[in-house]
Amino acid sequence: MRQFLTRLNLTELFTRHLPARPGRAPEVSSALVLTLLVHNILIDHQPLYAVAPWAARRVPEHLGLTADQVAALNDDRIGRALDHLHDADRASLLTALVRRTVEAVGIARTEFHQDTTTVTFSGGYANQPDPAQPDRPPRITFGYNKDHRPDLKQLLYSVTPSSDGAVPIHAKTYDGTTTDDAVHIDTWSFLRQIVGTGDFLYVADSKRCTRDNMSSIAAQKGRFLTVMPRTRNEADWFGTYLGQHPVEWAEVRREPNPRRRDGPDVVYHGVESPQRSGEGYRIVWYRSSQKEQHDRDSRVSRLGRARAALVGLQAPGRRREFGGVAEARTAGERILAEYQVQGLLRVEVDTTIEDRYEQVGPGRPGPNTEHRRVQIPRFRVRFVEDGEALVREARRDGLFPLMTNDESLSVAGARAQYKYQPFVEKRHEQLKSVFGVAPVWLKKVERVDSLLWLHFVVELVAALVEREVRRQMVSRGVKHLGLYPNGSPTEAPTAAVVFHALEAHRRHRLLDGHGHELRRFHDPLPTPAQEALELLGVSRTHYGLN
């Protein structure tokens, strides 16, 4: 890891871009502290108050520090370093870091994949800067939470990796109320600055598919690929077209079943839509056999649960009687909406008349008591299948559309380019689990903003480690490494697995009475860990090996 931070000149970049501060320089500069935080998050994410004790247990030079500098660390110094980073021109710092990465490592700049996630917070965060304040940090507030926690506040975090190893090239934090479609022009403009031209493929999910976003990129000679929302008119048109015309689907991909070894292959078929979008962009339709089965099973399940809910609603003794046809129909339509089968089932209300005899007048009934017949209407809801709607729905099972203005992409090529998108989601998963970005227990929003910026650097370094290990494995014909704690092999090692294999390695020193080192010892390093060092090009002497 230290090797990659050195190749990126991270400490030097911090030193160059952090603004000068009046007064006596601290014993440990902000640049060194921020680099230390990157080390900590990558290896063993700790709260700020525990970073200094954590560093004291490590080899100082491996962290880029001296023993005296480690002794001078404390949580206050670390907090002030985050404040210092917030005062810097982080846009310029990000540009310099990314350009250095591209130059030092040789990242391809032909295709980028963008996605967003939310970082969730607990607490009030009442003392945030005014929204009109220039250069303010993003506001922590309620919004559409992707962790399904609408009770907690959030920030929106956007990251854009290159398709070359899923190495992050851009990241930015936005107000918690920011919608996904509002970040794309900002992101695309930064990428164009890094590439030097708009001639790269920008891939994103359906939130990118707005007229303004697509028109802006196309007008600047940019290329995009995105999922077309099923709510657009073009989706309904193709569904109708399928029922009226033969479609020449062509197989574009076949993969082994990822869930069952003995299961059927996952097959993708594709076809170019005979009609373009309203803006004139290409639409390519695909049918996945796995998604087709999933859609069919989902529909059957939803229909079954809707019918069961209706039976439960009208079970004897479960609820009061409906007061009229309108109330009964509303109750049925509410069930259809809950299980998302509105277009597949129709609500019918049957009315029956029940005769009831009631005593005329008060008192206890006797031989001469008169009764009168009262007719009481009963309302019962039933669902009726819409056969044509079910046929139309089944015809669309497994379908998903992509929209692009790239005329050079083949039907198979467009699917292959978009299928890289899950690697972006993997970066979000690592951000929240491996690197522990959420929840964030900081009170100052400026420090939160700075810490999230450092998390981008962490994702960048982790991706570089993974990319290098996997590329070297392919180059040298290494099929797997036994890096897991139990020795189990992994064909695609993650940075966390590599770091964990090396983290438990300890260095011991024998000192004389004056503190001079007499001899140095190292814990034995397992063979798989030694193989990882060799793949990364790290000198074995750091671990006591010849």
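As a reminder, the structure under discussion sits directly above these lines.
Let me begin by describing the structure that accompanies this report.

Contact pair helix H3 (residues 30-44) / helix H16 (residues 445-476): the axes reach a minimum separation of 9 Å and the direction vectors enclose 60°. Considering the angle they form, H3 stands oblique to H16. Our pair here, H3 against H16, has a crossing hand that is right-handed. For the pair formed by H3 and H16, the contact residues are Leu34, Leu37, Val38, Ile41 and Leu42 on the first element and Leu451, Leu454, His455, Val457, Val458, Val461 and Ala462 on the second. Residues of the contact of H3 with H16, tallied by class, amount to 11 nonpolar, 1 polar and no charged.

Residues Phe14, Leu34, Leu97, Trp453 and Leu454 are the most contacted members of the largest nonpolar core, which totals 113 residues. No other element matches the 17 residues that H16 contributes to this core. In contact with Trp453, other than residues within four places in its own chain, are Phe14, Leu85, Arg90, Leu93, Leu94 and Leu97.

A word on helix H6 (residues 75-87). Taking 1.5 Å per residue as the helical rise, H6 with its 13 residues ought to reach 18 Å, and the 19 Å between its terminal C-alpha atoms agrees with that figure. Within the span of H6, buried status applies to Arg77, Ile78, Gly79, Ala81, Leu82, Asp83, His84, Leu85 and His86. Those residues of H6 that are buried lie in contact with helix H2 (10-17), H3, helix H4 (48-56), helix H7 (90-105) and H16. Capping the start of H6, Asn74 holds a side-chain oxygen 3.1 Å from the backbone nitrogen of Asp76, two or three residues further along.

Moving on, we come to the pattern of salt bridges. Within the structure shown, the criterion is met by 34 salt bridges. Across the pair Asp295 and Lys291 runs a salt bridge, and its minimum N-O distance is 3.0 Å. In this pair, Asp295 and Lys291 are both assigned in helix H11 (residues 289-313), 4 residues apart and thus about one turn of the helix distant. One network of salt bridges, with partners in common, ties together Arg211, Arg232, Glu234 and Glu279.

The next subject is the packing of H2 against H3. At their nearest, the axes of H2 and H3 sit 8 Å apart, and the two run at 140° to each other. The angle between H2 and H3 falls in the class oblique. Two packed elements cross with a definite hand, and for H2 against H3 that hand is right-handed. Within the contact between the two elements, H2 uses Leu10, Thr11, Phe14 and Thr15 and H3 uses Ala31, Leu32, Leu34, Thr35 and Val38. Split into classes, the residues belonging to the contact of H2 with H3 amount to 6 nonpolar, 3 polar and no charged.

Positionally, Arg427 belongs in helix H15 (residues 422-432). From its side chain, Arg427 meets the backbone oxygen of Gly165 in a polar contact 3.5 Å long. Within the structure, the side chain of Arg427 is placed 3.3 Å from the side chain of Glu466, a separation counted as a polar contact. Ignoring anything within four residues of it in the chain, the contact list for Arg427 reads Pro161, Gly165, Ala166, Pro168, Glu459, Ala463 and Glu466.

Once that is clear, we can look at the environment of Lys172. Along the chain, Lys172 falls in strand S4 (residues 168-174). Once you skip the residues sitting within four places of it in the chain, Lys172 turns out to touch Leu156, Tyr157, Ser158 and Asp186. Engagement of the side chain of Lys172 in a polar contact is seen with the side chain of Asp186, the distance being 2.8 Å.

Quick look at a nonpolar patch on the surface now. On the surface, Leu510, Leu518 and Phe521 cluster together into a nonpolar patch covering about 280 Å² of accessible area. Within the fold, Phe521 resides in strand S14 (residues 517-522).

Cut-offs and rules
- Residues numbered from 1 in each chain as written.
- Predicted model: local features only at pLDDT ≥ 70, side-chain atom pairs only at ≥ 80, totals over all residues.
- Heavy atoms only, no water.
- Axes fitted to C-alpha atoms, helices over the stretch in contact; angles between N-to-C directions.
- Helix = DSSP H or I, 4+ residues; strand = E, 2+ residues; numbered from the N terminus.
- Parallel < 35°, antiparallel > 145°, perpendicular 65-115°, else oblique.
- Left-handed = near helix turned anticlockwise from the far one by under 90°.
- Contact = heavy atoms within 4.5 Å.
- Nonpolar A, V, L, I, M, F, W, Y, C, P; charged D, E, K, R; others polar.
- Core = buried A, V, L, I, M, F, W, Y, C linked by side-chain atoms within 4.5 Å.
- Buried < 20%, exposed > 50% of the residue type's maximum accessible area, 1.4 Å probe, protein only.
- Expected span 1.5 Å × (residues − 1).
- Polar contact = N/O pair within 3.5 Å; in protein donor to acceptor, adjacent residues only side chain to side chain.
- Salt bridge = Lys/Arg side-chain N within 4 Å of Asp/Glu carboxyl O.
- Patch = residues over 30% accessible without salt bridge, like charges linked within 9 Å, V, L, I, M, F, W, Y side chains within 5 Å.
- Areas by Shrake-Rupley, 256 points an atom, 1.4 Å probe, with all protein chains shown as cover.

Distances and angles like these do not, on their own, reveal function.
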